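What follows is each chain in one-letter form.
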Amino acid sequence: MEQLNQIVKIIDDFVWGPVMLILLVGTGIFLTIRLRFLPQRNLYYALHSVLSKEARTTKRGEGDVSPFSALMTALAATIGTGNIVGVATAMFAGGPGALVWMWISAFFGLTSKFSECMLAIKYREVNEKGEMSGGPMYTMKNGIKNKTLGTVLGFLFALFTVIASFGIGNMTQANSISTSVHETFGVSLTAVGIALTIFTLVIVLGGITAISRISSVVVPGMAVFYVICALIVIIGNFSNIPHGLYLIFTMAFNPKAVGGGVMGVITVTVMNSIRFGVARGVFSNEAGLGSAAITAAAATTDDPVHQGYINMTGTFFDTIVICTLTGVTIAASDVLGTVGPDGKALEGIQLTMAAFSSVLGSFGGYVVSIGIILFAFSTILGWEYHGEKGWEYLFGTHKYNIIYRIIFSLVVYFGATQSLDLVWNFSDIANALMAIPNLITMLLLSNVIVAEVNRFQPILKEEVASWKK
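Description of the structure in this document. (Residues numbered from 1 in each chain as written. Predicted model: local features only at pLDDT ≥ 70, side-chain atom pairs only at ≥ 80, totals over all residues. Heavy atoms only, no water.)

A closer look at the overall build of the chain
To keep it simple, the criterion reads: Strands are runs of DSSP state E lasting at least two residues, helices are runs of H or I lasting at least four, and both sets are numbered from the N terminus onward. Values of the radius of gyration come from C-alpha atoms, whereas the globule rule sets the reference at 2.2 Å times the count of residues to the power 0.38. Note on exposure labels: buried denotes an accessible area under 20% of the residue type's maximum, exposed denotes more than 50%, and partly exposed covers the range between, all computed with a 1.4 Å probe on protein chains only. In what follows, a contact means two residues having at least one pair of non-hydrogen atoms within 4.5 Å. Counted as positive: Lys and Arg. Counted as negative: Asp and Glu, with His and the chain ends omitted from the count. Where a charge lies is defined by one atom per residue type: Lys uses NZ, Arg uses CZ, Asp uses CG and Glu uses CD.
For the chain, the count of helices and strands is 20 helices and two strands. The globule rule puts the C-alpha radius of gyration for 469 residues at 23 Å, and the 21 Å found for the chain is close to it. For the chain, the C-alpha atoms occupy an extent of roughly 55 × 45 × 40 Å along the three principal directions. Going through the 469 residues of the chain one by one, you find that 62% of them count as buried. Taking the contacts inside the chain whose residues are at least 6 apart along the sequence as the reference set, 83% of them involve residues at least 24 apart. Within the chain, one finds 27 positive and 26 negative side-chain charges whose respective centroids are separated by 9 Å.

A look at the packing of aromatic side chains
Selection criterion: In this scheme Phe, Tyr and Trp rings, the latter by its six-membered ring, pair at centre separations within 6.5 Å, and the angle between planes marks the pair as stacked below 30 degrees, edge-to-face above 60, and tilted otherwise. Counted as over-ring charges are cases with an Arg CZ or a Lys NZ within 6 Å of the ring centre that also lie within 35 degrees of the ring normal.
Across all of its chains, the model carries 21 aromatic pairs by this definition. Their ring planes at 70 degrees and their centres at 6.1 Å tell us that Tyr-44 and Trp-467 sit as a pair that is edge-to-face. Here Tyr-44, found in helix α4 (residues 43-51), pairs with Trp-467, found in helix α20 (residues 446-467); they are 423 residues apart in sequence, far enough to count as distant. Exposure remark for Tyr-44: the relative accessible area of 54% places this residue in the exposed category. Its relative accessible area of 26% is what places Trp-467 among the partly exposed residues. Within the aromatic cluster, the residues linked to one another by ring pairs are Tyr-44, Tyr-45, Phe-114, Tyr-309, Phe-456 and Trp-467. Above the face of the Phe-68 ring, Arg-56 is positioned so that its terminal group lies 4.2 Å from the ring centre. For the cation-ring pair, Lys-122 lies above Tyr-123, with the distance from its terminal atom to the ring centre recorded as 5.7 Å.

Re the side chain of Thr-326
Mapped onto the secondary structure, Thr-326 falls in helix α15 (residues 304-333). Beyond its immediate stretch of four places on either side in the chain, Thr-326 contacts Asn-83, Ile-84, Val-87, Tyr-226 and Thr-352.

Structural notes on helix α8 (residues 136-143)
Summarising burial for α8: six of the eight residues are buried, a large majority. Of the positions making up α8, those classed as buried are Pro-136, Met-137, Tyr-138, Thr-139, Met-140 and Gly-143.

Some words on the nonpolar core
Using the following cut-off: In this description, a nonpolar core means a group of buried Ala, Val, Leu, Ile, Met, Phe, Trp, Tyr and Cys residues linked to one another through side-chain atoms lying within 4.5 Å.
Ranked by internal contacts, the top residues of the largest apolar core, which has 132 residues, are Trp-16, Ile-177, Tyr-309 and Phe-356. Beyond its immediate chain neighbours, meaning those up to four positions away, Ile-177 contacts Val-192, Leu-196, Ile-372, Ile-373, Ala-376, Phe-377 and Ile-380. Ala-74, Ala-120, Ile-121 and Ala-296 belong to the second largest nonpolar core, which has eight residues in total.

Quick look at the pattern of salt bridges
Here is the rule: Salt bridge, as used here: a side-chain nitrogen of Lys or Arg that lies within 4 Å of a carboxyl oxygen of Asp or Glu.
In this structure the tally under the stated criterion is seven salt bridges. Notably, a salt bridge pairs Glu-392 with Lys-389, separated by 3.3 Å at the nearest N-O pair. Note that Glu-392 and Lys-389 are positioned in helix α17 (residues 362-395) at a spacing of three residues, about one turn of the helix. What makes Glu-392 buried here is its relative accessible area of 4%. Taking the shortest distance from any N to any O, the salt bridge between Glu-452 and Arg-455 comes out at 2.8 Å. Of this pair, Glu-452 and Arg-455 both sit in helix α20, three residues apart, which is roughly one turn of that helix. Given a relative accessible area of 12%, Glu-452 falls into the buried group. Of the residues examined, Arg-455 reaches a relative accessible area of 36% and is grouped as partly exposed. Beyond isolated ion pairs, a larger network of salt bridges with shared partners links Lys-122, Asp-303, Glu-452 and Arg-455.

And the structure:
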């Protein structure tokens with residue numbers, strides 16, 4: 001197993017090297033400039049649309065679920081271990097400054113998330129069951145003029161989506177749940193794995209309707225609870241906030257300025273800060289991966305740009321809100337660089353638990369554990385839908401989806417009982433494999449994205465004007 005871990009880590013370091021970071025963030029920057037920062041400027045419109053009553057109805061256009069449900073299902077797949085464990089992992093491996101690079105990637109990620117979701121709705125199809133089928137693979141097939149290239153990219157993306165669904169959306173989440181339950185409640189990994197497998201199978205057999213129904217309740221409810229608890233911890237450590245923010249901003253650009261002894265066992269370089277900040281940021285909000293676009297395509301809407309803006313807010317809620325609260329909580333609690341009873345530095349879930357426990361005591365550990373369990377399990381459900389649609393695309397029919405659902409549920413057990421390093425590195429690799437064909441497609445269709453945004457802008461202004469009356 002140790003040799004396998006080393007091989008996977010070598011591959012992980014290669015695919016997440018400078019080329020991948022430049023392609024990922026560079027695509028977001030390129031599209032943001034071409035769109036004249038309109039996604040960022042229209043964030044207010046997007047947030048208002050999400051919170052409107054209309055977003056919870058299916059009156060506006062065609063689709064399988066309401067715009068709000070589509071967003072919640074997408075958020076179910078993104079708000080998970082990346083927000084709790086991923087942030088802690090990034091801040092341990094890349095220093096507190098990794099949080100700044102998460103913010104930067106999220107800023108430009110708004111444009112990437114908007115673009116991929118808008119295109120998915122524009123080029124979506126209806127399958128034999130009358131359900132919406134969409135996502136980057138359909139964008140590639142129907143949107144790229146060179147049909148051969150579109151077909152190849154579509155196949156690769158669908159294949160990588162299925163692979164990624166077993167990593168980022170399955171094994172990593174199950175691993176975090178089992179670790180959390182074992183650490184907090186003393187339940188064996190095997191027992192947790194069996195329970196997760198059964199629960200997953202029972203729910204996913206109900207399809208997108210069942211998944212979105214659960215997501216629409218669990219995600220906003222748990223998010224509010226987590227935000228409140230995080231704010232209590234931050235306020236409780238109020239005197240440490242200035243120093244925590246100093247570490248976050250200073251170590252993002254000049255780690256040596258802080259001094260070697262401040263962070264104890266942590267050694268940080270700017271490249272590590274960028275790499276882990278961007279990688280964990282993408283792992284968390286999935287902007288540029290194209291995964292959220294698959295769920296967005298199921299939304300009931302009469303305009304792809306309108307729903308693109310709604311789904312874009314997923315990156316805002318995920319990274320700018322949830323990840324920031326986790327990061328500031330860790331930085332303000334002054335637990336980064338400390339060691340546990342075993343003499344090893346706290347990292348991952350233990351680091352986040354220590355931060356919350358600094359104010360909430362033993363209850364802090366329960367908050368993190370409950371957050372991991374609910375967030376991660378909802379992520380498993382959301383990613384099952386992503387992987388299933390990739391599977392459906394590969395076979396050209398929905399008839400074999402039941403096979404995928406069974407395999408996916410069984411892999412949950414495998415993820416719940418494997419080592420953290422192997423699962424995290426495998427997920428990083430799967431992320432990169434998904435992102436590459438998706439980013440290439442967005443660059444090829446940048447003219448379409450610009451044309452659609454410009455077409456909708458007058459409509460957007462009219463809507464905003466009507467709100468003020």
